[in-house]
Amino acid sequence: MEHWANSNRGGDKGRSDDAENWQDGFRTWRTCLGIIVCDEPTCEIITRPATRKATLISQLHASCDCGGKLIHQECPGKVTSILYRFRGGVFYEHNGHHDHARPTHILHLTKSQRARFESIVAANPHARAAELYTGVAGLTGPQPSVAEISSVLYNVDRIKAELRHMKENSVGEFADDFVKFQNEHLGFVLHSQFEDIAVVIMQTRYMAASLIKDYSDEEAVNGIVSDAAHGYWMDHKKLLIFSSTFSPELECWVPGLMTYANGATEGHYQLHFVFLFRTMAQEADLRGIEIQDELFANVVDFSDAEKAGFISAFVDFWTERGDSRTEEELRSAAAALLKGCQQHFRSQVTRVSKISAAVSPELRDHFKDRAMSLLDAGALDEFRRIAQALLDDFPLIEKWLRWWMRDQHAKMLFQPFRTMDPVLWTGLPSTTNAQEAMHWKLYRAAGKNHRLLDGLVFLYAFALGYEKLAAARLAGVKTHYGQAQRWKKTKFNLGTTKPSRARAARMKQKKNDGRPPDTSHELVKRPSDVVHYRPGYRWKKNSCWLDCSLELMFLAVLPNFHTDFAPRFQGMHHASPLWNLYKLFDLRISLSENAETSSELLAIQRDEFRETLRDVGAVKSVSDSGQIDVSKFVWRSSQQNELEGANTFARSFFERQTIKLRYCTGQPAPNVEVISPHWQITGDAAKSCFYELSSTLSKKFDGNMDRWLQDFVQVNAPMKPERTCWRVKDGIESCKGSAESKSICVQLPVFFMITFNSDDKFENLWRISKCLMPLKQAAADSHAVVYDLSGVVFYSQEMGHFIARYTPDQKKVFAYNDMEDGGRAKLIKGATISSHMANSPAKLQGVPEGFSVYILTYRLRGGAAAQTYFRDHQIEKAERFHHIQFTYADGNVSEAAARESMGNPKIRLAHPGLRELLPEERKWLHNPSKTKLVDYHDETRTTQLDDEESNSFSEPPVRYLYFGDSPYADEILQPPSQPKPPKRRKQSLFVDSDPEPEEISAPVTSSGPPEKSLPAVGTEDQTQHTSDIPPLPSSQESEYAVACRCGMIGNGYDLQLEEGMIKCDECDNWSHIACQRNGRASSLRSREKFVCDHCNIDELVPWRTLASQGQPPSRWLLRSRREKAPKVPLAKRLLAGKGALARHGKFWYPVRLIRFHGEMDAWQVRWWRGCRFPPDRPVDLQSLVPTTDLLDELWQDRTRRRAIRLGQWTHAHDVPVGEDIIYSFHDVPYPPEMDNILAPHKFTIQYLISLPRLENIQHLPVGRHLQLQGRKVSLTGGYPVKYCGDLTAVQQAQVAHWIYDNFEEARETVVQWLGCAPFAHALSIVLACNKRSILEADPSYPRDGTTDAQEEFILEAAWATLLEQTGRSTDVTHTDVDLECLSAFEQRLFEKSARSGSAGNFQWGLDAGNHQDSWDPYAGLPSHWNHEDRNEGDPDYDENELERGPDFSDSENVAASTNELLISSSQRAPRPRKRQQTKSHGEPRKRRKVTLTAP
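Residues numbered from 1 in each chain as written. Predicted model: local features only at pLDDT ≥ 70, side-chain atom pairs only at ≥ 80, totals over all residues. Heavy atoms only, no water.

Considerations on the overall build of the protein
For the protein, the helix and strand inventory stands at 47 helices and 48 strands. Residue burial in the protein is summarised as follows: out of 1495 residues, 47% are buried. A separation threshold of at least 6 residues defines the contact pool for the protein, and within that pool the share at least 24 residues apart is 70%. Surface exposure of the protein reaches about 75,000 Å², of which carbon and sulfur atoms provide 50%. (Helix = DSSP H or I, 4+ residues; strand = E, 2+ residues; numbered from the N terminus. Buried < 20%, exposed > 50% of the residue type's maximum accessible area, 1.4 Å probe, protein only. Contact = heavy atoms within 4.5 Å. Areas by Shrake-Rupley, 256 points an atom, 1.4 Å probe, with all protein chains shown as cover.)

Notes on the environment of valine 136
You can see valine 136 is positioned in the loop between helix 3 (129-134) and strand 7 (137-138). In the structure, valine 136 is positioned ten residues away from valine 146 in sequence and 9.7 Å away in space, judged by C-alpha atoms. Setting aside its immediate chain neighbours within four residues, valine 136 contacts Asn124, Ala127, Glu131, Gly141, Pro142 and Gln143.

Some thoughts on the nonpolar core
Formed by 103 residues in total, the largest nonpolar core has its most connected members in Phe296, Phe367, Leu456 and Leu459. The biggest single contributor to this core is helix 7 (residues 266-287), with nine residues. Formed by 85 residues, the second largest nonpolar core is a distinct cluster that contains Trp579, Leu581, Leu591 and Phe701. (Core = buried A, V, L, I, M, F, W, Y, C linked by side-chain atoms within 4.5 Å.)

Points about the sheet that holds strand 11 (residues 224-229)
Spatial strand order, 9-10-13-12-11-14-15: seven strands in an open sheet with mixed pairing. Bordering the open sheet on either side are strand 9 (189-193) and strand 15 (338-340), each of which pairs with just one other strand. In this sheet, adjacent strand axes meet at a mean angle of 25 degrees when their direction is disregarded. Summarising the sheet, strand 12 (residues 239-247) and strand 13 (residues 252-261) pair through nine bridges and their orientation is antiparallel. Following the sheet pairing, serine 243 is matched in strand 13 by leucine 257. Each of strand 9 and strand 10 (199-202) touches helix 5 (residues 174-184); the most contacted strand, strand 9, lies at about 165 degrees to it. (Pairing = 2+ DSSP bridges. Axes fitted to C-alpha atoms, helices over the stretch in contact; angles between N-to-C directions.)

Some words on the side chain of aspartate 227
Inspection of the secondary structure assignment puts aspartate 227 in strand 11. Judged by relative accessible area, aspartate 227 falls into the buried class, the value being 6%. Excluding residues that lie within four positions of it along the chain, aspartate 227 makes contacts with Leu240, Ile241, Phe242, Asp301, Glu306, Thr432, Gln435, Glu436 and His439.

Observations concerning the pairing of strand 45 (residues 1147-1157)
Of all the eleven residues making up strand 45, eleven are buried; the element is thus mostly covered by neighbouring parts of the structure. Bridge count between strand 44 (residues 1139-1144) and strand 45: six bridges; the pairing is antiparallel. Its bridge partner being in strand 45, leucine 1141 is matched across the sheet by proline 1150. Pairing analysis gives six bridges linking strand 45 to strand 46 (residues 1162-1167), with the strands arranged antiparallel. By the bridge assignment, histidine 1157 is partnered in strand 46 with alanine 1162. Linking two consecutive strands that pair antiparallel, namely strand 45 and strand 46, is a turn of four residues; a positive phi of about 50 degrees is found at aspartate 1161 within it.

Notes on unusual backbone geometry
Look at aspartate 821: it is not a glycine, yet its phi comes out positive at around 55 degrees. Looking at the element boundaries, aspartate 821 is found in the loop between strand 30 (814-816) and strand 31 (825-827). You will see that asparagine 1078, though not glycine, has its phi angle at about 55 degrees, which is positive. Mapping asparagine 1078 onto the fold places it in the loop between strand 43 (1070-1072) and helix 34 (1115-1120).

Examining the packing of helix 39 (residues 1242-1249) against helix 43 (residues 1317-1330)
The interhelical angle for the contact between helix 39 and helix 43, taken along N-to-C directions, is 155 degrees, at an axis separation of 8 Å. Classified by the interaxial angle, the pair formed by helix 39 and helix 43 is roughly antiparallel. Packed against helix 39, whose contacting residues are Thr1244, Ile1245, Leu1248 and Ile1249, the element helix 43 presents Ala1317, Pro1318, His1321, Ala1322 and Ile1325 at the interface. Broken down by class, the residue content of the contact of helix 39 with helix 43 amounts to seven nonpolar, two polar and no charged. (Parallel < 35°, antiparallel > 145°, perpendicular 65-115°, else oblique. Nonpolar A, V, L, I, M, F, W, Y, C, P; charged D, E, K, R; others polar.)

So, the environment of aspartate 818
Residue placement: aspartate 818 occurs in the loop between strand 30 and strand 31. Given the relative accessible area of 2%, aspartate 818 is considered buried. In sequence terms aspartate 818 and lysine 540 are 278 residues apart; their C-alpha atoms lie 8.6 Å from each other. When residues no more than four places from it in sequence are discounted, the contact partners of aspartate 818 are Tyr537, Arg538, Trp539, Ser543, Cys544, Asp547, His801 and Gly823. Reaching out from aspartate 818, the side chain makes a polar contact with the backbone nitrogen of cysteine 544 at a distance of 3.4 Å. (Polar contact = N/O pair within 3.5 Å; in protein donor to acceptor, adjacent residues only side chain to side chain.)

A look at the environment of histidine 344
With respect to the helices and strands, histidine 344 occurs in helix 10 (residues 342-353). Sequence separation between histidine 344 and asparagine 433 is 89 residues, and the spatial gap between their C-alpha atoms is 9.8 Å. In contact with histidine 344, not counting residues within four places along its chain, are Asp301, Phe302, Trp404 and Thr432.

Focus on helix 10
A rise of 1.5 Å per residue sets the reference length of helix 10, with its twelve residues, at 16 Å; its end C-alpha atoms lie 17 Å apart and thus fit the reference within 8%. Of all the positions in helix 10, only Gln342, Gln343, Phe345, Val349, Val352 and Ser353 are classed as buried. On its buried side, helix 10 packs onto strand 15, helix 11 (364-372), helix 13 (398-404), helix 14 (407-413) and helix 16 (433-446). (Expected span 1.5 Å × (residues − 1).)

Observations concerning the packing of aromatic side chains
Aromatic rings considered in pairs are described by the distance between their centres and by the relative angle of their planes. According to the stated counting rule, one finds 61 aromatic pairs in the structure shown. Taking 5.7 Å as the distance between ring centres and 80 degrees as the angle between the ring planes, the aromatic pair formed by tryptophan 1298 and phenylalanine 1303 counts as edge-to-face. One aromatic cluster is present, built from ring pairs that chain together Phe302, Phe345, Phe367, Phe383, Phe394, Trp400, Trp403, Trp404, Phe414 and Phe417. One residue, arginine 325, lies across the ring of tryptophan 318, its end atom 5.5 Å from the ring centre. Arginine 1388 extends its terminal NZ or CZ atom over the ring of tryptophan 1195, reaching a point 3.8 Å from the ring centre. (Phe/Tyr/Trp six-rings, centres within 6.5 Å; stacked < 30°, edge-to-face > 60°. Lys NZ or Arg CZ within 6 Å of the ring centre and 35° of its normal.)

As for the sheet that holds strand 2 (residues 26-32)
Pairing within the open sheet is antiparallel, and its four strands lie in the order 1-2-5-6. Two strands in the sheet have a free side with no partner beyond their single neighbour: strand 1 (6-9) and strand 6 (89-95). The sheet shows a mean angle of 20 degrees between the axes of neighbouring strands, taken without regard to direction. Here six bridges tie strand 2 to strand 5 (residues 80-86), and the two strands are oriented antiparallel to one another. Paired with tryptophan 29 across the bridge in strand 5 is isoleucine 82.

Here we look at the pattern of salt bridges
A complete count under the given rule lists 52 salt bridges for this structure. Where arginine 1200 meets aspartate 1197, a salt bridge forms, and the shortest distance between an N and an O atom there is 3.3 Å. Judged by its relative accessible area of 16%, aspartate 1197 is buried. Linked through salt bridges whose partners overlap, the residues forming this network are Lys540, Asp547, Arg606 and Asp607. (Salt bridge = Lys/Arg side-chain N within 4 Å of Asp/Glu carboxyl O.)

A closer look at the confidence of the model for the protein
Residue-level pLDDT values for the protein average 78, and 78% of them are 70 or greater. Per-element averaging of pLDDT across the protein places strand 38 (residues 985-988) at the bottom with 32 and strand 10 at the top with 96. (pLDDT = per-residue confidence, 0-100.)

Focus: the packing of helix 5 against helix 17 (residues 452-474)
For the pair helix 5 and helix 17, the least separation of the axes is 10 Å and the interaxial angle reads 10 degrees. With respect to each other, helix 5 and helix 17 are oriented roughly parallel. Listed contacts from helix 17 to Phe174, Asp177, Phe178 and Phe181 of helix 5 are Leu452, Leu453, Leu456 and Val457. Split into classes, the residues belonging to the contact of helix 5 with helix 17 amount to seven nonpolar, no polar and one charged.

So, in structure tokens, the structure goes:
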């Protein structure tokens, strides 16, 4: 299309543009004005002349861009165009030809060019003009630039104009489009109005269901978080108001209500919250949940409009429902439901701290610490004291601080002013960060700057995404890899959810070396003579031990004094000594921070408390210098008022509780006629306030305190033998049985003391831990069951003096010596916990000469909540493993109340077959009615003995801790004589695995228990414990039981086993070494036990997540913990069970390593079944491959990866597994038999899809099951039933497909029946058909009954089978070990991250040639394998690393030389150099050829 310069001439007056035909239409003429050229022959610029003469003259007087003179050339042909406008349009008539050149400046795009432009924009809707001009970034580089379409688009501003033009043309009539949107998304728009206050309020059914929960979560994720996003709409004055709630099913926050608002006034927020309250009430009514004010609790920022809108909406809502409260009462109640965002306050503190006029730079950190402490102030006096001290020291912050102290703000933020219920306050989040993260998710998914209708469409898709996730989770589909809430682990490790804010990350930040010192931290150094002190107790009359004890106790009490410590003393009698301890700390919290004054007051309080210690006998006198018996003090405090439950609750802060369980085989003593196993348990838990570590324990646990504590709290540890049975009276034994016992810890204190014995000199064998985890990492992450080191007490025997070190914030370390600095604690500059507190005692820095570690104090990070979780965890395990029953109710209070207040439980053994002995039966005790021990007899194992037998005793077998339902397992009896299975023995991974003759012995007959397996050998000598099959005859009674995760089960002597085997130390079953994930059975450390997957439940992670097991917990660790390239030779990196690459021809394919054959220097491997070998070169799936033809993933080995050409195979993530098959049931056709089975039950299944009330389906097994379980409608709208019997995934998918095809209503409500009652009922019908012959053989089958009775029995029995056999299908019980191995191996092959370095950046084959059939192995890989954390600043970054090497060949017919494929591990390939231009010819220099040799 050409745009010529024309002069226009007017039309005929007698003509009209309303004429019927074009000949009579209104006529105009356009005449071509020619062109303007330059007189310079080499200049190619041609422009259009102006249409006005005056402008044309000015145009010709100007010079050309090249400096030449401009000349006007008229059109030789005087081309004329005539246009006729009439009712039917425009008729165009052209006369003449343009016999001159075209202007070089093109103004318009042709139709085809515009189509190309629009297609590029449609493929990249969020790309900006500059990106379109240069080419939008793609996986393999920039995409085509729009500038290639036409020179018109060389102008970036023109591209912007074209983009605006496209968007304007895409917007139709708003009213029609909005109605169309509502019709296409029925029910999504709850309310819309377009007046001065314009809003569109949106919600899906799933969003409404998510807002209501029938329980309160233990974590602070209850309630609703509301905030507004300012960047979603094109006009940033318009807002998107969000209210979100936490979904426990998805383990993330989900949107509850979304509102478009054209402003941020009270009226906008009022409409949003009114509809929020209404939809919540409707959902609560639907579920039968009582509507209370607490349902509407919100976390918001401090916007007055938002707060006023919330209150007005609250008043309107309850007024509509006829609430009897007055408007003022409703407003007060609404204000008490709002919690402010603490992050807003913290950000403000940081902002103000940077105002140098108000806060001096050297006091910035000091100001921030003190200002932040306002959030932790529990009492009003404490808050006012901190605030007044801030104003005194920083007077210019008065306006800022008084704004926060306004009543409407303080109630939402600070504890002393809050009107919200404390329990509700604790359960709500403390910030709106969850909603801010929701905004970020929305921007990432849908982008920003939307027009209204476009934005509404994206919002619907965004909300629907969460509904799909919920449906997927309900169907058992994995919706994420690894930990769901990864920020928790980040916070646990770094103390912050943002890695960039961690201290380690800030310390690593580097500044440009061309920039001078220009920050306050660099220019205004803190004076070196400034010393920081904390108040403490001043020495008086040998008070050093008491002073240190009180200091460290106060540190444990301080963090949550008002919420964790003080409630334990409610209702306590003031005469109790424990009350004096509480008052001592309560008064200390209210003291001023003026160190000198406070120390004097503390000394007076200490002296008063010292008298209390003397009165209860904890010290001999007020000047006693010895150690205080804390246990005696706490115990005697409780004896003062035995009926006070508060004493027990208060003591639990300091005490641990243990119970002792004993067992005896019951061998009778002489003159005793009855033999019976018997048990004994402590009826009341033993209590203690500290634990003393011994040198023996230090040797047992190798000085590792974590291992010691975890062993101490282990519930299912083996029993330990005792010298004799406990039935002894006056030295006379009444039982000669073999006795064992174990202690079970059921409660740990919040304040945990560990004592060292200074006389033993063993302390150097221990390593003081900074943190102690009694349970596993999961408990630490979810419930903060972690002990943090808070203090260390040192003792000098020569001086008889105690000193201490402590950390109040896990950062600073203070030294405390009550004889120095006026009793104040002094900050140790530059000290860290690791250097001055947590280390081997001999390595602690700055310890005065003659002092040694005496006491360690730890505080439970999660406080009372973590203590409760630990107790419930231990009790649950004790009940499950040992049938120990705990009863807390004592008649005065309920079971729940007593349990909540840490009451003393009654402890009993509750297993059938055990009978509790009466006091008169326990004749070995002097006073059996007063003892707290409870004895039991095993009534099922009592036998009479002959006189001859009664006087002869044999050595009883060792009694191990029982598991399961029977507490007296068969191992008490002598096992029968039978052949032993082969021992686990040492076997080198790099020599022939055939056993030596002397290592295979004949079966040994023994009356004792099987011989203990040999421990595994670690990776240092690269050995493993395996067994080959010995030449023993088949035996059905053999102990050689095989139960491998690959599905092989049976007697090892009968099975044809050709692989190495390993024995589980828990269940004694044998498994294939090569079937263990990631080769873990091939690399066991010294003395490390092997536990199979059937026993080690904690490691049963779905294989889909295995690929991420090796990743650090978060992205920031990838930078700080770069994984180094392996230094171990390749031959030693090849382990049975791991993945590898094997050469076949000139290409390399994935295999799983099975077994090494040393005599042939080859590995038995299993090729991945998805390998696409050339048709002319087939391969047996299991074969021998020489070691020279094997490679591992070549981690961080860029050079060797570039020399490898990969064969084509199917990626692991492209292979469907069970969960994928069920979720994609549309792709699984069902056979005609399925229709024959289910068609007779159509009416029943259709009725279940309609979600009837439970009482109407009690005639069906599924209805009775739901009623019995108390199930309610889930968030997705159905009754969930997660049972499938032993049906395979394909069979389940066929049933789902049948339901989808046969019921029209099922197509719109998949999430309400898939995995729910209709689906489960259909599965039971299929099971009834499949197992009919078995069920009819049941003796209970009514053979003589009616047909209806028989069918009812079959359906009921099939339902029972559905429940019992769930998880027993072959696709569930058998692990696809090949697929699992490949999944983990592929991530190491193709991971692109800072860890993998340049080798992970698409390097495979770049120096060799194309992969098989030009296959792209990187296509379609999971996105999380690309960590996007590697940049040009990394040390190994090379701008040329993606270039092909000089020997790269596009042909697939290049011969593969065995000796030129790989560079040896001892050589290093030269780093590729950047291509340079030679001075003479401009040709690139040739690269030096690298000779590649085999390893």
